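Below are the chains, spelled out letter by letter.
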Amino acid sequence: MTIAAPVIIVGASLGGLRTAEALRRAGYTGPVTMIGDELHAPYNRPPLSKDVLSTGVSHDAVAFPARPATADVRWMLGSRVVSTDLEARTVTTDDGREHPWCALVIATGLRSRRLDLPLTAGRHSVRTLDDAMALRDELVPGARVVIVGAGFAGLYLLHRMRELGFTARVYEAAADVGGVWYWNRYPGARCDVESYDYSYSFSEDLEQDWRWSERYATQPEILRYINHVADRFDLRNDVHLHQRMTVATWDEQTSHWEVVTESGDRWSSRFLVMATGQLSTTKVPGLPGQEAFTGEIHHTGQWPHEPVDFRGKRVGIIGTGSSGMQMIPLVAEQAGSGAALVMLTSELADPTGYGRVLRESDGTVTRIVEQADYLARGDEDGYEQTFGKL
């Protein structure tokens, strides 16, 4: 996205500064030059001294402190634009020098009547952030990115694309951000790696202002964290919820993706990034006789938002991966004598904060994997004795 010629902003007062800031906030990373006949920059920047003016030093060689958003803007103070050539895309200043531009923005306010500049082609008005983004898209073709999924990966991609100067839009089928942590709300759902290892590392400030309450964070806390990130970095404005992408077509002529969602929303972009994760599709087992089952059927990947009451019910759980191991103790505790019939495989579990038990009741065996703290202590014999019974 390298652009040789700069955006030239005519007018180095508050209007020009706000225009430059809007371009940077819109993600435009190309060169920007501000030309004005003022002898000092806005916001009480130091004026050009008479010594500097008398030494013949080029005005634009004088460095001025700038606010962070415009720290890289080139300032040409004490200069006046006297003419512009739309065909050559240049402006000429009162010292006789020509300056090429890729876009010309007039920010002189009411004083613009003093300038002999055309009012048609080549002249832009940047009054709002939307104006700046439209200009940026015009100057940098292909700067749009569609991201599918608003989980950990999707939100970080949105943040990173903004930093790189792209215009990004996220499509998310759910009603809120969170990805897998929005959908997986089953009892006992938690991270199976340590919380700090499951955190973003792109911002030291974020790392310092968030404290995890547990070594292995639970689903509600992880979801709070993701929402905190979305709010802290103002990501929600570019996340489109309740939008499931149904069609993505590559246009060979324009080298763009044409994306369509279930609701009919359309967007064209140069890049399409799938941030849906490798486990985003729920696997629902097809068991013989399942269609005749009259009880409740739930899946950990599509858990209801309202609590599920297991009291007094006989519960069967299929699967003893991370989800099964996390939920079995809590479901068994609530079901009581109804118990849970579990098919176990050889799984290892690091302590997560709640205990495991082995018990029998009413002839129905409830088998729950005990915490593998034996391994943490290096007690392999104790581990084999305990887990050998399962």
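Refer to the structure above for everything that follows.
What you are looking at is a predicted structure, and each value in this text was computed from that prediction instead of being measured.

Analysis parameters
- Residues numbered from 1 in each chain as written.
- Predicted model: local features only at pLDDT ≥ 70, side-chain atom pairs only at ≥ 80, totals over all residues.
- Heavy atoms only, no water.
- Pairing = 2+ DSSP bridges.
- Helix = DSSP H or I, 4+ residues; strand = E, 2+ residues; numbered from the N terminus.
- Contact = heavy atoms within 4.5 Å.
- Salt bridge = Lys/Arg side-chain N within 4 Å of Asp/Glu carboxyl O.
- Buried < 20%, exposed > 50% of the residue type's maximum accessible area, 1.4 Å probe, protein only.
- Axes fitted to C-alpha atoms, helices over the stretch in contact; angles between N-to-C directions.
- Expected span 1.5 Å × (residues − 1).

**Student:** Quick question: what am I supposed to make of the pairing of strand 12 (residues 245-251) here?
**Tutor:** The side chains of a regular strand alternate between both faces of the sheet. Examined bridge by bridge, strand 12 and strand 13 (residues 256-261) share six bridges and lie antiparallel to one another. Note that in strand 13 the partner of Met245 across the bridge is Thr261.

**Student:** Is there a simple way to think about the environment of Met245 in this case?
**Tutor:** With respect to the helices and strands, Met245 occurs in strand 12. Counting along the chain gives 15 residues from Met245 to Val260, while the straight-line C-alpha distance between them is 5.9 Å. Ignoring sequence-local partners within four residues, the contact set of Met245 consists of Val148, Val259, Val260, Thr261, Leu272 and Met274.

**Student:** Hey, could you run me through the pattern of salt bridges in this one?
**Tutor:** Two side chains bearing opposite charge may form a pair once their charged atoms approach each other closely. In total, this model carries 11 salt bridges according to the counting rule given. Between Arg162 and Asp238 there is a salt bridge, with the nearest N and O atoms lying 2.5 Å from each other. Separated by 76 residues along the polypeptide, Arg162 in helix 4 (residues 152-163) and Asp238 in the loop between helix 7 (219-232) and strand 11 (239-240) bring together distant segments of the chain. Two residues, Asp209 and Arg232, come together in a salt bridge whose shortest N-O distance is 2.6 Å. Of this pair, Asp209 sits in helix 6 (residues 204-209) while Arg232 sits in helix 7; the two residues are 23 residues apart in sequence, bridging distant segments of the chain. On the accessibility criterion, Asp209 (36% relative accessible area) is partly exposed. Because the salt bridges share partners, they merge into one network encompassing Asp176, Asp231 and Arg236.

**Student:** Quick question: what am I supposed to make of the sheet that holds strand 6 (residues 98-100) here?
**Tutor:** Strands pair in a sheet through their backbones, by hydrogen bonds, and they do so in one of two ways: parallel or antiparallel. If you trace the three strands from one edge of the open sheet to the other, you get 4-5-6, paired in antiparallel fashion. With partners counted over all chains shown, the strands left at the sheet margins are strand 4 (81-85) and strand 6, one partner each. Adjacent strand axes in the sheet meet at a mean angle of 25 degrees, parallel and antiparallel pairs treated alike.

**Student:** I would appreciate a short explanation of the sheet that holds strand 9 (residues 144-148) in the present structure.
**Tutor:** If you walk across this open sheet you meet the four strands as 11-10-9-15, and the pairing is parallel. In this open sheet, the two edge strands, each paired with only one partner strand, are strand 11 and strand 15 (271-274). Sheet topology note: the strand 9/strand 10 (residues 167-171) ladder contains five bridges and is parallel. Bridged to Val148 within strand 10 is Tyr171. On the sheet, helix 4 packs against strand 9, strand 10, strand 11 and strand 15 and is oriented at approximately 170 degrees with respect to strand 9.

**Student:** It is not clear to me how helix 4 should be interpreted in this structure. Could you clarify?
**Tutor:** Owing to its 3.6 residues per turn, the α-helix brings residues three or four apart onto one side. When the terminal C-alpha atoms of helix 4 are compared, their 17 Å separation across 12 residues agrees well with the 16 Å that a helix rising 1.5 Å per residue should span. Among the residues of helix 4, Phe152, Gly154, Leu155, Leu158, His159 and Met161 are the ones counted as buried. Of the surrounding elements, those touching the buried residues of helix 4 are strand 9, strand 10, helix 5 (180-183), helix 7 and strand 11. Trailing helix 4 by a residue or two, Gly165 shows a phi angle of about 95 degrees, which is positive.

By themselves, these are just geometric observations and shouldn't be taken as functional.
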